[in-house]
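Observations on the three-dimensional arrangement
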Number of protein chains: 2
Amino acid sequence: MKKISLLGATGSIGIQTLDIIRGHKESFQLVALSAGRNIEQVRKIVAEFRPDLVSVQEKSDCERLRAEFPGITFYHGAKGIEEVAVYDQAEILVNAVLGSVGLSPTLKAIQAGKTIAIANKETLVTAGHLVMGAAKQNNVPLLPVDSEHSAIFQALQGEQSKNIEQLILTASGGSFRDRKREELKDVTVKEALNHPNWSMGAKITIDSATMMNKGLEVIEAHWLFSIPYEKISVVLHKESIIHSMVEFHDTSIIAQLGTPDMRVPIQYALTYPDRLPHPAGKRLSLAQIGKLHFSEMDYDRFRCLKFAFDAGRAGGTMPTVLNAANEAAVSAFLDGKISFLQIEELIERVLDQHQTIGNPDLETIQAVDAETRKSVFSLI
Amino acid sequence: MKKISLLGATGSIGIQTLDIIRGHKESFQLVALSAGRNIEQVRKIVAEFRPDLVSVQEKSDCERLRAEFPGITFYHGAKGIEEVAVYDQAEILVNAVLGSVGLSPTLKAIQAGKTIAIANKETLVTAGHLVMGAAKQNNVPLLPVDSEHSAIFQALQGEQSKNIEQLILTASGGSFRDRKREELKDVTVKEALNHPNWSMGAKITIDSATMMNKGLEVIEAHWLFSIPYEKISVVLHKESIIHSMVEFHDTSIIAQLGTPDMRVPIQYALTYPDRLPHPAGKRLSLAQIGKLHFSEMDYDRFRCLKFAFDAGRAGGTMPTVLNAANEAAVSAFLDGKISFLQIEELIERVLDQHQTIGNPDLETIQAVDAETRKSVFSLI
């Protein structure tokens, strides 16, 4: 029985993680969770899974739930998330929160010796060196949940890093793959949220449309697999069937394939290095699909991907700025305050203004993150 | 330095194996080899690689070479092949001979504790239970060289057999992929030898055109990976870029990809579990290729594949008959004695006549093999 803490239980990845736990009651137990303000959902989850520990965002919600579920411990706020992250009964923490807010609890959980299943890519983008350094120091495995990184992780089983020629991330192209740049001027939030293959949260769906999602994944891959940026490439693959690949120096490529279903990589992180049957998974039939398409990535069309490679190579606080500017800009777009193309314009301006600070500590990262968000909002 | 014996040095796989050894002089040394009647080629190989031991088919060739290369030991005939197979200086035997003639030296090499890199699929088809039994008893690894089996073997690294849902072999479709059955009546040997993707020997190229090659591979996969026939499937994939796949029970599929170059799987068998750079390998660019195609296998169009599944499931001496009948029929086709479609007609007739003998020993297999060839020739 693997005991699991889950950060971000009511988000898209959180809900799918619960689905996996529900499907394998003999193998997994949810012992702690955090959520935001969706208290109706929290109620249902608590009633079904009976965790020991629950943290929600608001104090008032916390108090109400405490009265409703007497046997269960409730917390709230940032302190509450950390209690869930370090809960001593859990052996694995699934970090499925959104944005760089996931950084601090991840570091705390690593220090507490938890295995981390990381769906929260912003944590690695904003402070990869801190997270990987802490994981190494505490001898804690960091297991990818993103489908691309899970694919690479699976492809690397039984292999040696020294033999890697390159990591090849596949990109679906997102909601606007087939539109030219000039056709993006007036796209609506609703159009942007219509991803062709994956069912995901709003922020990551917008990130897919701008291709920033792939950019964040490039930086995430750099940290997770200790691979220099020259050895990471991206190929357009509109069907999202090959989830990513590793090329070795003998020219052999190992790829992981499947239907686009986030529950597969989530489950793999929970069962690793073993596998369990997928409770409700749809099997892939290549004959039924018939064709897989691949094409070169156009860095002029998808400028955010170029920003990410550049920020990754610059290092220091530059990826923190990239990520914070993106979070702020996407949030402004979702709120209807800026147009779609302004997302990348804002990110570019803020990146251009920033002088990178080498090897930043947690405080510096948090300060740069906060400043960057302020800069973005001041430009709107 | 890995010391290598090579059976079938002047064939297609043999020549490519020499290419790999030549490209990695720091890692590999050829210490023994066998060849047939291509003495000009043997001379060149011996002069370049200076092995300790060489076996050729004819006594007269053997004596001539002995006079020309005083420091080197020469043998001939079946006895000579066995001397090469068990040569005590070699740690790995690459078995690249053609046909079931490879069986006996393989068994001898296994008994002598050699690691076997097996390109000679007929050996496993005709006597898989004997070969795998001997390998298990002597704790000797059997490493696949066939591109499909190497792909599966690579995909299985770091994985557990219990989690396998199925092995998926890809098939290019061979020289006549796009022709209907009725268009095959009058095809010539030359047309049949024109494989769209792979440069291989004559027999295997014909086997590709009849799809018997895939059938033999199904039986080979059954034995190499201890997987029942219900868990082996074949998908048409005309580009031969995905060399084969493993589906696990969590719906995840691991595939191995690359340009069609037999030197990659040959080298992997020699470097396993490590990898070395490919001395002259062409890297795969999926973006350049653009599309990969997949479709269902048509068992009425490719009847040999059905024969192979049926013979494999029947077990006992049935796969021996399948293989011997195929070897005899292909040889008759290459000699211009029968038409292309008669290959499968002859195989079918001989299979229909045979009463399978369960768990046959080596003598039984050799007797059934010889009888089958006789039957085929009597039917021509």
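Remember, it's a predicted structure, so these values are computed and weren't measured experimentally. (Residues numbered from 1 in each chain as written. Chains lettered and ligands numbered in written order. Predicted model: local features only at pLDDT ≥ 70, side-chain atom pairs only at ≥ 80, totals over all residues. Heavy atoms only, no water.)

Re the overall build of chain A
Just so we agree on the cut-off: Secondary structure follows DSSP: runs of H or I at least 4 residues long count as helices, runs of E at least 2 residues long count as strands, and numbering of each begins at the N terminus. We compute the radius of gyration over the C-alpha atoms and compare it with the globule rule, which gives 2.2 Å times the number of residues raised to the power 0.38. Relative accessibility under 20% of the residue-type maximum defines a buried residue, over 50% an exposed one, and the middle range a partly exposed one, all with a 1.4 Å probe and only protein chains included. Should any heavy atoms of two residues lie within 4.5 Å, those residues are considered in contact. Computed with the Shrake-Rupley method and a 1.4 Å probe, the accessible areas treat only the protein chains shown as cover for residues. Here the positive residues are Lys and Arg and the negative ones are Asp and Glu; neither His nor the chain ends is included. Where a charge lies is defined by one atom per residue type, namely NZ (Lys), CZ (Arg), CG (Asp) and CD (Glu).
Looking only at helices and strands, chain A has 16 helices and 13 strands in total. Expected size for 380 residues packed as a compact globule is a radius of gyration near 21 Å; at 20 Å, chain A falls within 12% of this value. A buried classification covers 60% of the 380 residues belonging to chain A. The long-range share in chain A, meaning contacts at least 24 apart out of those at least 6 apart in sequence, stands at 69%. When the accessible surface of chain A is summed, it comes to about 14,500 Å², and 48% of that surface belongs to carbon and sulfur atoms. If you average the places of the 40 positive and of the 46 negative side-chain charges in chain A, the two averages end up 4 Å apart.

With respect to the packing of aromatic side chains
Each aromatic ring pair is described using two quantities: the centre-to-centre distance and the angle formed by the ring planes. All names here are of chain A. Quick note on the threshold: Stacked, edge-to-face and tilted are the three classes for Phe, Tyr and Trp ring pairs, Trp counted by its six-membered ring, which pair at centre distances within 6.5 Å; planes under 30 degrees apart are stacked, over 60 edge-to-face, the rest tilted. Any Lys NZ or Arg CZ found within 6 Å of a ring centre and within 35 degrees of that ring's normal is scored as a charge over the ring.
Taken as a whole, this structure holds 14 aromatic pairs over all chains when the rule is applied. Aromatic pair Phe-153 and Tyr-268: ring centres 6.2 Å apart, planes at 70°, arrangement edge-to-face. Here Phe-153, found in helix 7 (residues 147-155), pairs with Tyr-268, found in helix 11 (residues 263-271); they are 115 residues apart in sequence, far enough to count as distant. Across the pair, Tyr-268 and Phe-153 agree in class, each one buried. Measuring from ring centre to ring centre gives 5.7 Å for Phe-333 and Phe-340, while their planes differ by 70°; the resulting arrangement is edge-to-face. Note on accessibility: Phe-333 and Phe-340 belong to one class, buried. One aromatic cluster is present, formed by Phe-153, Tyr-268 and Tyr-272 through successive ring pairs. A cation sits over an aromatic face here: Arg-301 above Phe-302, 4.2 Å from the ring centre.

Overview of the side chain of His249(B)
Rule in force here: Between N or O atoms, a polar contact is any pair within 3.5 Å; within protein, one atom must be a potential hydrogen donor and the other a potential acceptor, and residues adjacent in sequence are included only when both atoms are from side chains.
Following the sequence through the fold, His249(B) ends up in the loop between strand 10 (242-248) and strand 11 (253-257). For His249(B), the side chain forms a polar contact with the main-chain oxygen of Arg275(A), separated by 3.2 Å.

Regarding the nonpolar core
Our working rule: Throughout this description, the term nonpolar core refers to a set of buried Ala, Val, Leu, Ile, Met, Phe, Trp, Tyr and Cys residues connected via side-chain atoms within 4.5 Å.
Membership of the largest hydrophobic core comes to 238 residues, with the highest contact counts inside it found for Leu322(A), Leu322(B) and Ile347(B). Contact partners of Leu322(A), with chain neighbours within four places excluded, come to Met212(A), Leu216(A), Ile219(A), Phe307(A), Ala308(A), Ala311(A), Ile347(A) and Leu351(A). Formed by 26 residues, the second largest nonpolar core is a distinct cluster that contains Ile253(A), Ala255(A), Ile253(B) and Leu284(B).

Section: the relation of the copies chain B and chain A
As a reminder, the rule being used: What sets the superposition is a least-squares fit of C-alpha atoms, and only residues with pLDDT of at least 70 in both copies go into it.
Here chain B sits on chain A after a turn of 180° about the axis and a move of 0.0 Å along it, with an RMSD of 0.0 Å. Here the copies are linked by what is in effect a two-fold axis. Closest approach to the rotation axis within chain B is made by the C-alpha atom of Gly158(B), at a distance of 2.2 Å. Of the interface residues in chain B, 100% have counterparts in chain A that sit at the interface too, so the contact is made through matching surfaces.

A closer look at empty space enclosed by the protein
To keep things clear, this is the line we draw: With a 1 Å grid laid over protein atoms only, a set of points is called a cavity when a 1.4 Å probe fits there but cannot get out and a pocket when it is open yet has protein on both sides within 12 Å along at least five of seven lines; lining residues have an atom within 4 Å of a point. Grid points are joined across faces, edges and corners, and a volume is the space filled by probe spheres set on the points. Polar here means any residue outside two lists: the nonpolar Ala, Val, Leu, Ile, Met, Phe, Trp, Tyr, Cys and Pro, and the charged Asp, Glu, Lys and Arg; Gly therefore counts as polar.
The final tally for this structure, using the stated rule, is three cavities of 30 Å³ or more. Of the pockets and cavities examined, the largest cavity occupies roughly 40 Å³. Forming the walls of the largest cavity are Ser147(A), Trp198(A), His243(A), Gln256(A), Leu257(A), Gly258(A), Thr259(A), Asp261(A), Val264(A), Pro265(A), Thr251(B) and Ser252(B). When contributions to the lining of the largest cavity are tallied by element, the ones reaching two or more residues are strand 11 (253-257) and helix 11 of chain A. For the lining of the largest cavity, the class distribution of residues is four nonpolar, seven polar and one charged.

Topic: the sheet that holds strand 1 (residues 2-7) of chain A
Residue and element names in this part refer to chain A. To be explicit about the condition: Note on pairing: DSSP must find at least two bridges between two strands before they are called paired. Orientation is described by axes fitted as lines to C-alpha atoms, over the contacting stretch for helices, and by angles from 0 to 180 degrees between their N-to-C directions.
Within the open sheet, the seven strands sit side by side as 4-3-2-1-5-6-7. Their pairing is parallel. Two strands lie at the open edges of the sheet, namely strand 4 (73-76) and strand 7 (142-144), each paired on one side alone. With strand direction ignored, the average angle separating the axes of adjacent strands in the sheet is 25°. Bridging between strand 1 and strand 5 (residues 92-95) involves four bridges; their strand directions are parallel.

Considering the pairing of strand 8 (residues 164-171) of chain A
Looking along a regular strand, one sees the side chains alternate between the two faces of the sheet. Residues and elements named next belong to chain A. Buried residues dominate strand 8, accounting for seven of its eight residues. Pairing geometry for strand 8 and strand 9 (residues 232-236), over five bridges, is parallel. Note that in strand 9 the partner of Ala-171 across the bridge is Leu-236.

Some thoughts on the sheet that holds strand 5 (residues 92-95) of chain B
Residues and elements named next belong to chain B. Strand order in the open sheet made by the seven strands is 4-3-2-1-5-6-7, with parallel pairing throughout. Each end of this open sheet is capped by a strand with a single partner; those strands are strand 4 (73-76) and strand 7 (142-144). Taken over all neighbouring pairs, the strand axes of this sheet differ in orientation by 25° on average, direction set aside. Relative to the sheet, helix 3 (residues 59-68) contacts strand 3 (53-56) and strand 4, its axis offset from that of strand 4 by approximately 175°.

Some words on the pairing of strand 5 of chain A
Residues and elements named next belong to chain A. As a reminder, the rule being used: Here the term right-handed applies to a crossover when the path leading from its first strand over the helix to its second strand runs clockwise, the strands being oriented away from the viewer.
Residue alternation in strand 5 divides its side chains into two sets, Ile-92 and Val-94 and Leu-93 and Asn-95, and both sets are buried. With four bridges joining them, strand 5 and strand 6 (residues 115-118) adopt parallel strand pairing. By the bridge assignment, Leu-93 is partnered in strand 6 with Ile-116. Assessed by its sense of winding, the connection that carries the chain from strand 5 through helix 5 (residues 103-111) to strand 6 is right-handed.

Here's the deal with the pattern of salt bridges
Residues and elements named next belong to chain B. Note the threshold: By salt bridge we mean one thing: a side-chain nitrogen of Lys or Arg within 4 Å of a carboxyl oxygen of Asp or Glu.
With the rule as written, the count across this model stands at 58 salt bridges over all chains. The salt bridge partner of Arg-64 is Asp-61, with a shortest N-O separation of 3.7 Å. Taken as a pair, Arg-64 and Asp-61 lie in helix 3 at a separation of three residues, close to a single helical turn. Taking relative accessible area as the criterion, Arg-64 reaches 44% and is therefore assigned partly exposed. The exposure class assigned to Asp-61 is buried, which follows from its relative accessible area of 9%.

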